[in-house]
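Structural characterization, general
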Amino acid sequence: MAISSATSKRKPRSAAARPKRLGCEAPRIFTPPLRPLTRKTSLGFDVIDFAEAIGIDLFPWQRWLLVHMLELLTDGSLRFRTVVVLVARQNGKSTLSQVLALWFMVVWGWPLVLGTAQDLETAEEVWQGAVDLVEDDEELSKLLRRVVKVNGKKALELTTGARYKVKAANRRAGRGFTGNLIMLDELREHQSWDAWGAITKTTMAQAEALVLALSNAGDATSIVLRYLRKMAHAAIGDPDGINADDDPSRLLPAGDDDDLDGDEFEQDEDTLGLFEWSAPPGCDVRDRDAWAMANPSLGYGGFSERTVASAMRTDPEWVFRTEVLCQWSDGSLEGPFPPGTWEAGQDAASARADGAEVVAGIDVSHDRGMSHIAISSLRPDGKPHVEVVASRAGTDWVKPWFHDDAYPHRRAWRVAGQGNGAPVSGLLDDLEGEYLAPGDAKARPGLAVVRWQGSDLSRGSGAFYDLVRGLGEDGTNTPGVYHRPQPILDIPAATAVTKPLGDGWVWDRRKSPTDIAPLVAANAAVWLLTKPIEAPAVSAYESRGVQTV
C-alpha cells in the first residue's frame with residue numbers, strides 16, 4: 001500500500017515543460033521558384049482546396065510541397081515535368097499521392113494516372129486509398145463509373161473517362177499506354193534504368209504531364225534516384241557537395257551504343273524539381289532539430305519525438321540514418337570489403353604508367369544481358385590501376401570492339417575471363433578464333449585469352465580482396481589497387497555477394513542484388529596483371545642433352 005500511495009503522488013510531466021517540436025514545413029534543399037507563388041502562379045492552392053473539400057486536412061509540409069511542385073510558367077503550363085520528393089519513411093507520401101491523383105483526374109481532367117512501385121502491392125495500397133476516398137465522398141462517388149479489382153488490371157474509372165491504373169515497376173510497365181501523371185513510389189529501389197525508361201516515356205506525346213517520384217534516401221544500388229538527385233543538386237549550386245568528385249553522367253551506363261542514350265535522361269534545370277527533407281550530412285543522430293528536417297510530419301497525428309527516439313536507440317546507425325534521417329548510406333552497406341577500404345582506393349587521377357602493359361578482363365552478367373570489359377595496368381607507383389572501359393547489352397559487340405581499326409592496340413592485350421561454364425566462357429572461345437571484319441580480305445588472328453578457372457578462381461578473388469583491404473604493417477589502410485570514381489564499378493563493389501569454393505570463395509552473380517559482372521571483370525584483369533607469366537616446362541633430361549622423343 002505504501003508503494004501505491006507513493007506512486008499516486010507522482011505528478012506527470014507538464015506538457016509545457018518542453019515545447020512540442022514540429023517537423024520542418026519547408027525542405028532543407030529544394031529547387032527555388034522562379035517567382036512568388038500565388039493562386040495565379042501555382043496550381044497547388046487548388047489542390048489544397050480540393051483536399052479540404054473531400055475531408056482531408058493536409059499537413060503543412062504537404063501544402064507547401066503542392067504549392068511549390070505545381071508552379072506555373074507565364075504561359076500557364078506546369079514548370080516541372082519531373083519532380084523528385086525525398087522524405088523519411090511514414091511521413092504521408094501516400095496521402096499526398098492520392099489527393100494529387102484524384103485532383104488531376106477530377107478537376108484538371110487528365111485521362112490517365114499510372115501508379116507504380118517496385119513492389120506492386122505498395123502501388124495497389126496507394127491506389128486502394130484513392131478508391132476509398134472516391135467511394136466514401138458523396139460528390140466524388142457520383143463520378144465513379146467502375147472499380148476493376150482483377151489482379152494485374154486494377155483500375156479506378158470515372159464517368160469522365162479518366163482512369164487510375166497501377167503497374168509494377170519493371171521494363172514492361174506502362175508500355176502501350178499514354179500517361180499524364182506518373183507516380184513512382186520508392187524510387188530508391190530502381191537498380192537499373194529499365195522501369196524508368198518504360199514508365200516515364202508514356203508521357204512523351206503529352207504537351208503537359210508530370211512524373212512524380214517519391215522516396216526516402218537511397219543507397220549505392222539506387223541508380224536512377226542517385227542520378228536525378230545529383231542533377232537537381234548541381235542545378236541549385238550543389239549545396240551538399242555531392243557532385244564535387246563525381247560527375248552525374250558517370251551514373252549512366254558505360255559505352256557509347258547502349259539502348260540508353262545519355263541525352264535522353266538529361267533534365268533541363270527548369271523541368272526537374274527536387275524537394276528534399278533530409279538531415280544535414282554529418283549530423284549527430286541525437287540531434288532533434290535534424291529529426292525535424294527529415295520528418296516534416298513530426299508532431300502531427302501520432303508521429304512523436306518518442307517514436308523517433310525509440311528507432312534511434314534500436315536501429316543500427318546506417319538504418320536509422322537512411323530510413324529516419326533520409327541520409328544516403330553509400331559507405332555503410334554490408335558489401336564484401338571492410339568499410340571504407342574500397343573508397344580508400346578511389347583516385348580520380350589514377351592512370352597507368354607510360355609504357356606499362358595493359359590487360360583486359362571480361363565478364364557477362366548472370367542473365368547474359370550485359371557484357372563488361374575492364375582493363376588493368378601498373379601505375380607510376382607500381383600499384384595496379386583498374387577501370388571499366390566498356391559496358392553494353394549482349395555479347396555480339398565484344399569481338400568487334402577488340403578488333404576496331406581505330407584502336408589497333410586492343411588486339412595486343414591479353415584477355416582474362418572465367419571458364420568452366422561461366423556466362424562469359426562461350427565468349428572467350430569466340431575471342432580466341434580468327435576475326436574477319438567486313439571488307440577485310442584476310443582474317444585476323446584471335447586474341448590471347450587466359451582462362452581464370454579452377455583453384456585460380458578462389459586464389460585470385462582472395463588476392464583481389466587483400467589488395468583492396470590493403471592493410472599496412474602499422475594497421476592503417478594502404479590501398480593495393482586503385483580505381484577512378486565509377487558507379488558501374490563502385491556499386492557492385494558495395495553490394496556483391498560471395499559464395500564458398502573449396503577452402504576459399506568466389507563472386508556469386510546469382511545472389512548479388514545488382515549486376516556484379518563489372519567487378520568480376522575488374523578482378524579478372526587485376527588477376528591477370530599480377531599473375532606471374534609461367535615459363536614453358538623444360539624436361540630435366542632435355543637440359544642434359546638427352547633426346548626425349
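These remarks concern the structure in this document.

Parameters and conventions
- Residues numbered from 1 in each chain as written.
- Predicted model: local features only at pLDDT ≥ 70, side-chain atom pairs only at ≥ 80, totals over all residues.
- Heavy atoms only, no water.
- Helix = DSSP H or I, 4+ residues; strand = E, 2+ residues; numbered from the N terminus.
- Buried < 20%, exposed > 50% of the residue type's maximum accessible area, 1.4 Å probe, protein only.
- Areas by Shrake-Rupley, 256 points an atom, 1.4 Å probe, with all protein chains shown as cover.
- Axes fitted to C-alpha atoms, helices over the stretch in contact; angles between N-to-C directions.
- Parallel < 35°, antiparallel > 145°, perpendicular 65-115°, else oblique.
- Contact = heavy atoms within 4.5 Å.
- Nonpolar A, V, L, I, M, F, W, Y, C, P; charged D, E, K, R; others polar.
- Core = buried A, V, L, I, M, F, W, Y, C linked by side-chain atoms within 4.5 Å.
- Pairing = 2+ DSSP bridges.
- Salt bridge = Lys/Arg side-chain N within 4 Å of Asp/Glu carboxyl O.
- Phe/Tyr/Trp six-rings, centres within 6.5 Å; stacked < 30°, edge-to-face > 60°.
- Right-handed = clockwise from strand over helix to strand, strands pointing away.

**Some thoughts on the overall build of the chain**
If you tally the helices and strands in the chain, you get 18 helices and 17 strands. In the chain, which comprises 549 residues, the share counted as buried stands at 50%. Of the roughly 26100 Å² that the chain leaves accessible, carbon and sulfur atoms contribute 49%.

**Things to note about the packing of helix H2 (residues 44-53) against helix H3 (residues 60-69)**
Following both chains from N to C, one finds H2 and H3 inclined at 140°, their axes separated by 7 Å at the closest point. Relative to H3, the element H2 lies oblique. Between H2, through Gly44, Phe45, Val47 and Ile48, and H3, the contact on the second element is made entirely by Arg63, Leu66 and Val67. In terms of residue class, the contact of H2 with H3 is made up of five nonpolar, one polar and one charged.

**Some remarks on the packing of helix H15 (residues 455-469) against helix H17 (residues 517-530)**
Between H15 and H17, the shortest axis-to-axis distance is 10 Å and the interhelical angle comes to 95°. It follows that H15 is roughly perpendicular to H17 by the angle criterion. On the side of H15, the interface is formed by Asp456, Gly460, Ser461, Phe464 and Leu467, while H17 contributes Leu519, Ala522, Asn523, Val526 and Trp527. Residues that form the contact of H15 with H17 fall into these classes: six nonpolar, three polar and one charged.

**Side note on the side chain of Arg229**
When you line up the elements, Arg229 lands in helix H8 (residues 223-235). Residue classification places Arg229 among the buried residues on the basis of a relative accessible area of 10%.

**Notes on the nonpolar core**
Core analysis: the biggest nonpolar cluster contains 53 residues, and Met69, Leu70 and Tyr164 have the highest contact counts within it. The dominant element in this core, judged by the number of residues it contributes, is helix H4 (residues 93-106), at eight residues. Discounting residues that sit within four places of it in the chain, Leu70 has contacts with Thr41, Ser42, Leu43, Gly44, Val47, Leu78, Leu100, Phe104 and Leu210. Within the second largest apolar cluster, 31 residues are counted, among which are Leu86, Leu187, Leu225 and Tyr227.

**Looking at the sheet that holds strand S15 (residues 482-483)**
Spatial ordering of the open sheet is given by S14-S13-S10-S11-S12-S15, a layout of six strands whose pairing is mixed. Edge positions in the open sheet fall to strand S14 (448-452) and S15, since each of these has one partner strand only. By the bridge criterion, six bridges tie strand S10 (residues 359-364) to strand S11 (residues 370-378) in an arrangement that is antiparallel. Pairing of Ile362 across the sheet is with Ile373, part of S11. On top of the sheet, helix H14 (residues 425-432) reaches S10, strand S13 (414-418) and S14; it is set at about 160° to S14, its chief contact.

**What about the sheet that holds strand S1 (residues 29-30)?**
Across the sheet, which stays open at both edges, the nine strands sit in the order S1-S9-S2-S8-S7-S3-S6-S5-S4 with mixed pairing between neighbours. Every interior strand has two partners, whereas the edge strands, S1 and strand S4 (144-148), have only one. In terms of strand pairing, S4 meets strand S5 (residues 155-158) through four bridges, oriented antiparallel. Pairing of Arg146 across the sheet is with Glu157, part of S5. The strands that H3 touches are S1, strand S2 (82-86), strand S8 (210-215) and strand S9 (272-276); relative to S9, the one it contacts most, it runs at about 165°. Sitting on the sheet, helix H5 (residues 120-136) is in contact with strand S3 (112-117), S4, S5, strand S6 (163-168) and strand S7 (181-185), with an inclination near 165° to S6.

**Considering the pairing of S6**
Strand direction decides the pairing type here: S3 and S6, joined by six bridges, are parallel. Each residue of the ladder has a partner; that of Thr116, found in S6, is Lys167. Taken together, the three bridges between S5 and S6 define a ladder with antiparallel strand orientation. Considered in S6, the bridge of Ala155 is made with Lys165. Hairpin connection of S5 to S6: four residues between the antiparallel strands, including Gly161 at a positive phi of 100°.

**Some thoughts on the pattern of salt bridges**
Scanning the model with the defined rule gives 31 salt bridges in all. With a closest N to O distance of 3.6 Å, Glu139 and Lys142 form a salt bridge. By relative accessible area, which is 55% here, Lys142 ends up exposed. Among the salt bridges present, the one from Arg484 reaches Glu387, with a minimum N-O distance of 3.6 Å. Taken together, the residues span a long stretch of sequence, with Arg484 in the loop between S15 and helix H16 (487-495) and Glu387 in strand S12 (residues 384-393) at a distance of 97 residues. With a relative accessible area of 26%, Arg484 lands in the partly exposed category. The exposure class of Glu387 is buried, given its relative accessible area of 14%.

**Observations concerning the packing of aromatic side chains**
Centre-to-centre distance and the angle between the planes together describe a pair of aromatic rings. Tallied over the full model, the rule gives 19 aromatic pairs. Ring centres 5.5 Å apart and planes at 20° place the aromatic pair Trp103 and Trp108 in the stacked group. Trp103 gets classed as buried once you look at its relative accessible area, which sits at 1%. With 6.2 Å between their ring centres and 85° between their planes, Tyr465 and Trp505 make a pair best called edge-to-face.

**Overview of the environment of Leu37**
Looking at where Leu37 falls in the secondary structure, it is placed in the loop between S1 and H2. When its relative accessible area of 18% is taken as the criterion, Leu37 is described as buried. For the pair Leu37 and His68, spaced 31 residues apart in sequence, the C-alpha to C-alpha distance is 7.4 Å. Apart from residues lying up to four places away in sequence, Leu37 is in contact with Ser42, Phe45, Val67, His68 and Glu71.

**Quick word on unusual backbone geometry**
Residue Glu186 is not a glycine yet carries a positive backbone phi of 55°. Note on placement: Glu186 falls in the loop between S7 and helix H7 (194-200). Residue class for Glu186 comes out buried when judged on its relative accessible area of 18%.

**Topic: the environment of Val386**
Relative to the helices and strands, Val386 is located in strand S12. We classify Val386 as buried; its relative accessible area is 1%. Taking the C-alpha atoms as reference points, Val386 and Ile375, separated by 11 residues in sequence, lie 5.7 Å from one another.

**A closer look at the pairing of S14**
Sheet topology note: the S13/S14 ladder contains five bridges and is parallel. By the bridge assignment, Gly417 is partnered in S14 with Arg451. The β-α-β motif built from S13, the intervening H14 and the parallel element S14 has right-handed crossover chirality.

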